[in-house]
Amino acid sequence: MSRICVICAPEKLTDRGCTGAPDWIIKIVSPGNPEHDYVRKLNLYLDAGVREYWIVDPRDRKILVYYLKNEHTEDFTVKPYTFQDKIKVNIYDDLWIDFQEMNL
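Report follows, based on the coordinates.

Quick notes on the rules
- Residues numbered from 1 in each chain as written.
- Predicted model: local features only at pLDDT ≥ 70, side-chain atom pairs only at ≥ 80, totals over all residues.
- Heavy atoms only, no water.
- Helix = DSSP H or I, 4+ residues; strand = E, 2+ residues; numbered from the N terminus.
- Buried < 20%, exposed > 50% of the residue type's maximum accessible area, 1.4 Å probe, protein only.
- Contact = heavy atoms within 4.5 Å.
- Areas by Shrake-Rupley, 256 points an atom, 1.4 Å probe, with all protein chains shown as cover.
- Phe/Tyr/Trp six-rings, centres within 6.5 Å; stacked < 30°, edge-to-face > 60°.
- Pairing = 2+ DSSP bridges.
- Right-handed = clockwise from strand over helix to strand, strands pointing away.
- Expected span 1.5 Å × (residues − 1).

### Examining the overall build of the chain
The helix and strand tally for the chain stands at one helix and nine strands. Going residue by residue from the N terminus, the α and β elements of the chain occur as β-β-β-β-α-β-β-β-β-β. Across the 104 residues in the chain, those meeting the buried criterion constitute 34%. Residue pairs at least 24 apart in sequence account for 41% of intrachain contacts in the chain once pairs closer than 6 positions are excluded. Counting only carbon and sulfur atoms, one obtains 50% of the accessible surface of the chain, whose full area is about 6700 Å².

Structure representation (structure tokens):
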């Protein structure tokens, strides 16, 4: 399982880990069960209140960015990208990830 979680609120962190939903999760697709990441995890994270969820698929060299436009919406907006793109992190005003610079 390859996953990166970003927690913006320090009060969510305890000795046992994160209490509540992380703000941003980046998931590297598992080759054995991609449906798990694309469907089950997406729905779990939406229900939990994760504000942004990226699915990085190394086989297809694509990234799907799901994010909540605001905290009052119940559905993710989705935008597709490739490993050649510079992608804005929607929960921050000035953070971009340039996948082309990573030489993946």
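### Description of the packing of aromatic side chains
One pair of aromatic rings is described through two measures. These are the centre distance and the angle between the planes. As enumerated under the stated definition, the model contains five aromatic pairs in all. Plain terms: the ring middles of W24 and W54 are 5.2 Å apart, the flat faces sit at 65 degrees to each other, and that makes the pair edge-to-face. Here W24 is found in strand β4 (residues 24–28), whereas its partner W54 is found in strand β5 (residues 52–57), with 30 residues between them in sequence. Put simply, the rings of W24, W54, F83 and F99 pair up and form one aromatic cluster.

### Here we look at the pairing of β4
Every regular strand shows the same layout, with side chains that alternate between the two sheet faces. A large share of β4 lies buried, amounting to four of its five residues. Relative to β5, β4 is paired through five bridges, and the arrangement is parallel. Among the inter-strand pairings, I26 is bridged to a residue of β5, identified as W54.

### A closer look at the pairing of β5
The buried fraction of β5 amounts to six of the six residues, a majority that puts the element mostly inside the structure. Residues E52, W54 and V56 line one face of β5 and the alternating positions Y53, I55 and D57 line the opposite face, and both faces are buried. Following the chain from β4 across helix α1 (residues 34–48) to the adjacent parallel β5, one finds a crossover that is right-handed. Alignment of β5 against strand β6 (residues 62–67), held across six bridges, turns out to be antiparallel. The residue bridging W54 from the neighbouring strand is V65, located in β6. In sequence, β5 turns back onto β6 through a hairpin of four residues, with R61 there showing a positive phi of about 55 degrees.

### Examining α1
Spanning 15 residues, α1 covers 20 Å between terminal C-alpha atoms, matching the ideal 21 Å at 1.5 Å per step. Taken residue by residue, α1 has P34, D37, Y38, K41, L42 and Y45 as its buried positions. G49 sits one or two positions beyond α1 and adopts a positive phi of about 100 degrees.

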